[in-house]
Amino acid sequence: MNRYPLWKYLLIIVSIILGLLYTIPNFFGEIPAVQISTNRQAITINEQTENTVKQALAAAHIQHQGMFITDGSLKVRFSDTETQLKARDAIATKFGEGYIVALNLLANTPEWMEKIHAKPMFLGLDLRGGVHFTMQVDMDSAVDKTLDSYAGDIRRQLRKLQILSGNIIKNGQTLVIPFQSATDATTAVSSLKKYLNDATLTQNGDRLVVSLSNTALARIRTDAVTQNINTLHNRVNELGVAEPVIQQAGPSRIVVQLPGVQDTAKAKDIIGRTATLQVRMVSDDPNLYQQALLGHAPSGYELLPSAGNSAPTLVSKQVELTGDNINDAQASFNDRGQPGVSVNFDSTGASIFADLTRNNVGKRMAMVLIDQGKAEVITAPVINEPIPGGKTIISGNMSIAEANDTALLLRAGSLAAPMKIIEERTIGPSLGKENISKGFHSTLWGFVVVAIFMMLYYRLFGVFSVVALSCNLLFLIAILSAMQATLTLPGIAAIALTLGMAIDSNVLINERIREELRHGNTPQISINAGYDHAWHTIVDSNITSLIAGLALLIFGSGPIRGFAVVHCLGILTSMYSSVVVSRAIVNLWYGRKRKLKKLSIGHIWIADSATTSKSKAN
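Residues numbered from 1 in each chain as written. Predicted model: local features only at pLDDT ≥ 70, side-chain atom pairs only at ≥ 80, totals over all residues. Heavy atoms only, no water.

*Asks:* If you had to explain the side chain of Ser 526 to someone new, which residues and values would you point to?
*Replies:* With respect to the secondary-structure elements, Ser 526 resides in helix H15 (residues 523-555). With near-sequence residues (within four places) excluded, Ser 526 lies in contact with Ile 513, Glu 516, Leu 517 and Asn 521. (Helix = DSSP H or I, 4+ residues; strand = E, 2+ residues; numbered from the N terminus. Contact = heavy atoms within 4.5 Å.)

Pasting the structure below:
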């Protein structure tokens, strides 16, 4: 009556083995490591990178504990922090621009476990320590910047059409353009519609009103947040943070989490800093270039390194145009289908760029990125013809990935919109360890107290319940580890709550079995009926809790979502362990006993109309 088929036992055994495999990595501890990654799509971390690291370590006589490539980065383990620091310096010296060499801590998990993706959970800032910023993007400034760009485009087009207009007035999210007559306004509308696709043009007599559509406003706001996130990624890389978290939180906010960083002032400086883009002319005179290579650069010129470890470029010190005049830069293709970067200047930049290209046809101009006082030539194309209109495509010998990288660097020269820090938190490493210790001990002692109560009150069935509860905790941690979830203090609280909810299901089952025994049923029938009848109550109670957890997951953010994820997963694992696993154990112990007369499930109180007597099932 109370027997499971073989496949159910095999399923439980396999789930327990998998649970152990994916839970064990959380107990191996951490080991110092150096992480080599890149912020450029044109650079790939591969076996060649691994060989370069091996050569750098061998030249510095540094022993490593193994290296592997995962998630687009190379991670190298070391025995202690002193060796880690020496290795970081040796590796950083070997690699050039485009590579990020950062200190990190890796789980000391065996390599065979790494190959099956058995890794420990990530620790949140409240457990690991670090800096947390929540930044508010000024969306109004992003819209104003777009309107300024449109105003410049309108002026240039009207100049070409030889239509006179008054000063363009910016009124909220619209532009008002006065003309000398209604005829001029009508002529301007038909021409400007070709260049202002995202705007709505409305004629009101001799005035023209340009307003942004809702679609255009939504795109501007989305692009502002996206561009600022890209800029912050470039800035944070300067801190050498191995695994920073920079993500959008809501329509206009950005969350920046820097694990392991304790210098708040430096972090603020990095994320608030803006790189500078400069346009300069290039000298291709071979004699002057050779002199510069020998260390004798001609007056008014300097030799600057080029992106991608290319040959250095001799550029003029005179700055023709700066990145402040660039509105946008996106990867694109030229007329011949070659990858390039589409650059959009504002009105001032467009005018300067048109004059620059008109006067220097056949010459090369360099796009120079300056950050932290360090200059690098991103690209140096040949000017084939004058480029009016404020829009151009910079193309050359570049791949699609290199075009994306160049566009990213050009956009990263400045933020799309100003940001201000509206929330700031710093968690010290000692406080993080204290949080881990407190969270672990609270869960452990809660488990111990529950286990003692269950075994004293329900005897052998209490032992079965504790074993099932242990399996529930095993399954939950294994799933979180397999998902590579980030564990935070609210997550630990959710684990403790899950233990209480899981044991509650076993209490319902045990009490239902007791009730069947009170009604005079045999032990085998009581076990079968107890599990069957308790199942409906368990499902109902857990579904209501699951609905609440899903609501927190959908509408919550930050720590609330972390709590909700663990809570929802815990409900699912508790239903499996408290019913399937516990019944499997009961069936193994009692299922083959045909003449079973009693169960070790504690005291059963039987009441009648005259007296109350105590009967012992054990």
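That shown, we press on.
*Asks:* Tell me what's going on with the pairing of strand S15 (residues 313-316), and back it up with residues and numbers.
*Replies:* In S15, alternate side chains face the same way, and those of Thr 313 and Val 315 on one face and Leu 314 and Ser 316 on the other are all buried. Sheet analysis places strand S14 (residues 301-304) next to S15, joined by four bridges and oriented antiparallel. Across the sheet, residue Tyr 301 finds its bridge partner in S15, namely Ser 316. (Buried < 20%, exposed > 50% of the residue type's maximum accessible area, 1.4 Å probe, protein only. Pairing = 2+ DSSP bridges.)

*Asks:* Now, about the packing of helix H2 (residues 47-59) against helix H3 (residues 81-94): what can you tell me, with residues and values included?
*Replies:* The interhelical angle for the contact between H2 and H3, taken along N-to-C directions, is 125°, at an axis separation of 9 Å. For the element pair H2 / H3, the angle class is oblique. Considering how the two elements wind past one another, H2 and H3 form a crossing that is right-handed. For the pair H2 and H3, contact is made by Thr 52, Val 53, Gln 55, Ala 56 and Leu 57 and by Ala 87, Ala 90, Ile 91 and Lys 94, respectively. Grouping the amino acids of the contact of H2 with H3 by side-chain chemistry returns six nonpolar, two polar and one charged. (Axes fitted to C-alpha atoms, helices over the stretch in contact; angles between N-to-C directions. Parallel < 35°, antiparallel > 145°, perpendicular 65-115°, else oblique. Left-handed = near helix turned anticlockwise from the far one by under 90°. Nonpolar A, V, L, I, M, F, W, Y, C, P; charged D, E, K, R; others polar.)

*Asks:* With reference to specific residues and values, describe the sheet that holds strand S2 (residues 67-70).
*Replies:* The strand order S2-S3-S1-S4 describes an open sheet built from four strands, whose pairing is antiparallel. Edge positions in the sheet fall to S2 and strand S4 (99-107), since each has one partner strand and no second. Each neighbouring strand pair of the sheet contributes to a mean axis angle of 25°, computed without reference to strand direction. As paired elements, strand S1 (residues 30-38) and S4 share nine bridges and run antiparallel to each other. By the bridge assignment for S4, Ile 31 is matched with Leu 106. The sheet strands contacting H2 are S1, S2 and strand S3 (73-77), and the helix crosses S2 at an angle near 150°. Sheet contacts for H3: S1 and S4; angle to S1, the most-contacted strand, approximately 10°.

*Asks:* Requested: an account of the sheet that holds strand S8 (residues 174-178), with residues and values cited.
*Replies:* The antiparallel open sheet is built from four strands, whose spatial order is S7-S8-S10-S9. Among the strands making up the open sheet, the edge pair consists of strand S7 (169-171) and strand S9 (199-204). Across the sheet, the mean angle separating the axes of adjacent strands is 25° when strand polarity is ignored. Judged from the three bridges that link them, S7 and S8 form a sheet pairing that is antiparallel. Directly across from Asn 171, in S8, lies its bridge partner Thr 174.

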